[in-house]
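Structural characterization, general
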Amino acid sequence: MDNPDTTGTAPWSDADVRARVEALLKTLSLAEKVGQLVQIGAADFVPGPKPEVVIRQGGAGSVLWLNDTKRFNALQKIAVEESPSKIPLLFALDVIHGYRTIFPVPLALAASWDPATIEGAQSVAAQEARAAGLHWTFAPMLDIARDARWGRIVEGAGEDPYLGAAVAAAQVRGFQGAYLGTPGRVVACAKHFAGYGASDGGRDYDPVYLSENQLRNVYFPPFRAAVDAGVGTFMSAYMDLNDVPATGNRWLLRDILRGEWGFGGFVVSDAFAVGNLVTQGFAHDARDAAQRALSAGLDVDMASSTYLDHLTGLIEDGTIPLEVLDDAVRTILAVKVRLGLFEQPYTDEGLLADVIARPEHRAEARRAAQRSMVLLRNEGQLLPLSKSLKHITVIGSLANSKEATEGSWMVFGHVPAAVTILEGLRAKLPDATIDYAPGPEINRDIPSWFESAMAGGSRASQSPEDAERAYQAALATAQRADLIIMVLGEHANMSGEAASRASLDLPGRQEELLKAVVALGKPVVLVLLNGRPLSINWAADHVPAILEAWEPGTEGGHAVADILFGDANPGGKLPVTFPRKGSHAPLYYARNTTHSPEESPLYNPRYWDGLPTPLYPFGYGLSYTTFALTNLAVSAPQVRVGDSASVTVDVTNTGAVAGDEVVQLYIHQRFGSDSRPMRELKGFERITLQPGETRPVSFQLGPAELGYWSTNAGRWVQDATTIDLWVGSDSRATLHTQLVVTV
Ligand code: BGC
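Residues numbered from 1 in each chain as written. Predicted model: local features only at pLDDT ≥ 70, side-chain atom pairs only at ≥ 80, totals over all residues. Heavy atoms only, no water.

Each helix and strand counted, the chain has 24 helices and 26 strands in total. Relative to the compact-globule value of 27 Å for 743 residues, the chain shows a C-alpha radius of gyration of 26 Å, a close match. In terms of principal-axis extent, the alpha carbons of the chain reach across some 75 × 65 × 50 Å. Per-residue burial for the chain yields a buried fraction of 62% across its 743 residues. Relative to all contacts within the chain whose residues are 6 or more apart in sequence, the contacts with residues 24 or more apart total 78%. A total of about 26600 Å² of accessible surface is found on the chain, and carbon and sulfur atoms cover 52% of it. (Helix = DSSP H or I, 4+ residues; strand = E, 2+ residues; numbered from the N terminus. Rg over C-alpha atoms; globule rule 2.2 N^0.38 Å. Buried < 20%, exposed > 50% of the residue type's maximum accessible area, 1.4 Å probe, protein only. Contact = heavy atoms within 4.5 Å. Areas by Shrake-Rupley, 256 points an atom, 1.4 Å probe, with all protein chains shown as cover.)

To continue, consider the site of the ligand. In the neighbourhood of the ligand, 13 residues make up the surrounding shell, with Asp94, Arg152, His192, Tyr238 and Asp270 lying closest. Within the side chain of Tyr238, a nitrogen or oxygen atom sits 2.7 Å from an oxygen atom of the ligand. Asp270 is positioned such that a nitrogen or oxygen atom in its side chain is 2.6 Å from an oxygen atom of the ligand. When the ligand is considered free in solution it has 310 Å² of accessible area, and contact with the protein chains removes 97% of it. Taken together, the residues that form the shell around the ligand break down as seven nonpolar, one polar and five charged. (Near = heavy atom within 4 Å. Polar contact = N/O pair within 3.5 Å; in protein donor to acceptor, adjacent residues only side chain to side chain. Nonpolar A, V, L, I, M, F, W, Y, C, P; charged D, E, K, R; others polar.)

Right, let's talk about the packing of helix α6 (residues 115-132) against helix α7 (residues 161-176) for a bit. Orientation of α6 relative to α7, taken along the N-to-C sense of each, is 35°, at an axis distance of 7 Å. With respect to the hand of their crossing, α6 and α7 are arranged in right-handed fashion. Here α6 contributes Pro115, Ile118, Glu119, Gln122, Ser123, Ala125 and Ala126 to the contact with α7, which in turn contributes Val167, Ala170, Gln171, Arg173, Gly174 and Phe175. Residue composition of the contact of α6 with α7, grouped by class: seven nonpolar, four polar and two charged. (Axes fitted to C-alpha atoms, helices over the stretch in contact; angles between N-to-C directions. Left-handed = near helix turned anticlockwise from the far one by under 90°.)

Quick look at the sheet that holds strand β1 (residues 38-41) now. Read across the open sheet, the five strands follow the order β4-β3-β2-β1-β10; overall the sheet is parallel. In this open sheet, the two strands that pair with only one neighbour each are β4 (136-137) and β10 (301-302). Relative to β4, strand β3 (residues 90-93) runs parallel, the two being bridged by two bridges. Looking at the pairing, Leu93 lines up with Thr137 of β4. (Pairing = 2+ DSSP bridges.)

One open sheet accounts for five strands, arranged β18-β26-β25-β20-β21; its pairing is mixed. In this open sheet, the two strands that pair with only one neighbour each are β18 (638-640) and β21 (680-689). When strand polarity is set aside, the average angle formed by the axes of neighbouring strands in this sheet is 25°.

Moving on, we come to the layout of surface pockets. In this structure, the largest pocket occupies an estimated 1100 Å³ of space. Mapped onto the lining of the largest pocket, the elements with two or more residues apiece are α7, α8 (212-219), α9 (221-228), β20 (659-669), β21 and α24 (703-706). A per-element tally of the lining of the largest pocket places α8 first, with six residues. (1 Å grid on protein atoms, 1.4 Å probe; cavity = no way out; pocket = protein on both sides within 12 Å on 5 of 7 lines; lining within 4 Å. Points joined across faces, edges and corners; volume = space filled by probe spheres on them.)

Along the chain, Thr331 falls in helix α14 (residues 322-338). Classification of Thr331 by relative accessible area gives buried; the value is 14%. In this structure the side chain of Thr331 is engaged in a polar contact, spanning 2.6 Å, whose partner is the backbone oxygen of Ala328. When residues no more than four places from it in sequence are discounted, the contact partners of Thr331 are Gly264, Gly265, Phe266 and Asp299.

Below, the discussion takes up helix α13 (residues 306-316). Here α13 has its buried residues at Thr306, Tyr307, Leu311, Leu314 and Ile315. When α13 is viewed along its axis, its buried side chains cluster within an angular range of 95° and face the same direction. Pointing more than 90 degrees away from the buried face of α13 are the exposed residues Asp309 and Glu316. The inward-facing, buried residues of α13 abut α2 (30-36), β1, α12 (286-296), β10 and α14. With its phi angle positive at about 80°, Gly318 sits one or two positions after the end of α13. (Arc of directions from axis to C-beta.)

Turning next to the pairing of strand β16 (residues 545-548). The alternating pattern of β16 places Ala545 and Leu547 on one face and Ile546 and Glu548 on the opposite face, and all of these are buried. Relative to β16, strand β11 (residues 374-378) runs antiparallel, the two being bridged by four bridges. Paired with Leu375 across the strands is Leu547, a residue of β16. As paired strands, strand β15 (residues 524-529) and β16 are joined by four bridges and run parallel to one another. Paired with Leu526 across the strands is Ile546, a residue of β16.

What follows concerns α6. Helix length check: α6, at 18 residues, gives a terminal C-alpha distance of 26 Å against a target of 26 Å (1.5 Å per residue), a fit within 8%. Extensive coverage of α6 is indicated by the burial of 16 of its 18 residues. Where α6 ends, the next residue or the one after it, Gly133, has phi of about 110°, a positive value. (Expected span 1.5 Å × (residues − 1).)

This paragraph deals with the packing of aromatic side chains. By the definition in use, this model includes 26 aromatic pairs. Each ring, one from Trp136 and one from Phe266, has its centre 5.2 Å from the other, and the planes form 80°; the classification is edge-to-face. Taken together, the residues Trp136 in strand β4 and Phe266 in strand β9 (residues 266-268) connect sequence positions 130 residues apart. For the pair Trp136 and Phe266, one class covers both residues: buried. Their ring planes at 55° and their centres at 4.9 Å tell us that Phe234 and Phe263 sit as a pair that is tilted. Pair noted here: Phe234 is in strand β6 (residues 233-236) and Phe263 is in the loop between α10 (250-260) and β9, with a separation of 29 residues, a long-range link. (Phe/Tyr/Trp six-rings, centres within 6.5 Å; stacked < 30°, edge-to-face > 60°.)

With respect to the element layout, Asp206 can be found in the loop between β5 (189-193) and α8. For Asp206, a relative accessible area of 23% corresponds to the partly exposed category. Each C-alpha atom, one on Asp206 and one on Asp240, is 7.7 Å from the other, the two residues being 34 residues apart in sequence.

We now examine the pattern of salt bridges. All chains considered together, the criterion is met by 44 salt bridges. Linking Arg366 and Asp562 is a salt bridge whose minimum nitrogen-to-oxygen distance equals 2.8 Å. Of this pair, Arg366 sits in helix α16 (residues 359-372) while Asp562 is found in helix α23 (residues 556-564), placing the two residues 196 residues apart along the sequence. Relative accessible area serves as the criterion here: at 27%, Arg366 is assigned to the partly exposed category. Among the charged side chains, a salt-bridge network with shared partners connects Arg366, Lys387, Lys428, Asp562 and Asp567. (Salt bridge = Lys/Arg side-chain N within 4 Å of Asp/Glu carboxyl O.)

Written as structure tokens, this is what we have:
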């Protein structure tokens, strides 16, 4: 799509920004400086005085949990005309996968393995959000997630640091444009720094214990990539990392982020997290929490009011040097200067309607949804379906749910308006009879606070009698059809924050109904709507066609119909391993080789009650065509440490229709300073090939790909060793060669 402003250059030089910031800083009183570090929540659930009152007194530098252009302008007017400093506010919100035009959830976008699509999606999100008056989004979420039980796996790019880093950079470019302050874009926020995805047991918010080597090799790379892409802000994570809350973690926020990576933006806490340093058993009281957070490098207090209440006193009595406060204020003023807020603090209230009406936004959302879907099974080439089908039954309560189609993390106040799968199918085949039976509803066993605050939230639960009636009605409807499309999975509120679960099975009576429908002996297609891997073991053996549609967004129903009827050919690949059971989590492909490899009979099996091999491996996904990979070659059999080699392979479309293949390069280091994973992704490219077409694909392998943080050496190393290389269509790739690395 047309992104006119991705190559522009900033109107401000760094020196201009610095000079402007220093001039502003000199005019600010202590209280006004503290105010810049305070973010207030404008939602009803936030206790305390009204935003208008706090802003008028100069007690806020930014506002969140508000999505109303008129009120943005009204609050901004108070800030720039009535507050003591007259400094404009930043308006921030979680715009995670679209503002009005909703794109597939981030895990799904990652499944496209297509940075250009992801950048395009977040650029649309940014344009719409900015037109509404927002300046800053709390995205991208960059937490590596290897435990499918963790609900927030839906918000990230999955389990892999290499894919995660590529997706991170694409999102930052999409949100921010060519530079921070690009007109019509927003400031991005890399969150949650760091390690949040590795919570004990996959339970949301629980403590995280990760070695330095795991952090640096696995959990940090997407964050580092965001810094390198120029991300404006970071958000600290909620939980304890190795017994130090991320919000008060000087090693994370000062030593790594600023010291090693040179990040020059600012860090906001997660919601109420500064105040909660007391709850977490870290800070003695709120004053101690404020002191320890700011000293650790946490610039902005999200909604806890701890900085507002205590920073002035802490500076006045000399507990915190003024220079520490000034440095934090500088980073916030710099973002406001770069955004041009001093010149144009207001938003044109007519703009949003024009921007959201752009037809290319919808087209981009449909294409992104098509590209993110993963074909998991297609026995006997049941798919694509014929458009001459006369009588189809669609079953499943998710099939006609706008919330489930748009998915987890709706923008505050957004009303879901997706094309559902049922609607998409009816639009695709206007002349066919398409019956619909929702079957029994599905619900969480235990609701969360987010149920009431977010779209897709609480529904009255169905009585067992009504559920039984709905179940029987679905079976009866299925009897009449030539083909049945079952839409099963999870509701939007079943993944996301406070939405972890112990099992990965289809919730409710969905699998029971699936079995009964398959027993009718008619062709059945299963479409999955979900925000995490699901253990669909029975379906994987018995349902001939399975499409992983994730939570595909506004155009999701059209995109599913496009794929099922062959107007688009699926080419997405799994960015996460699908385990056979929740209790197998965390399960990921990049594990170390052990003294007793899994294929050896000695000391195996790993569990005696079921193999923990993946149901579907990382990188997996089918197409309506087939591909052959041949002529794998390395530019040199041997290179020196520090030098690079290129790896090439020819990819041929051997089937009858055009299609996409994601060519993937994996490496394994045979020996060295530390043991290394049995496979690690180090290159990928999604290409489109016509039937019979062959194209070479090449990857570079150099110190960036072959180096790692060594526990033994306590530093980054690249070893003299032998590297196994595989290129293929998923993490089980078999086409092999090797590269010798010498000193
Ligand atoms: C979440 C963040 C989010 C923040 C603001 C928190 O509960 O953890 O990801 O950005 O709320 O809405």
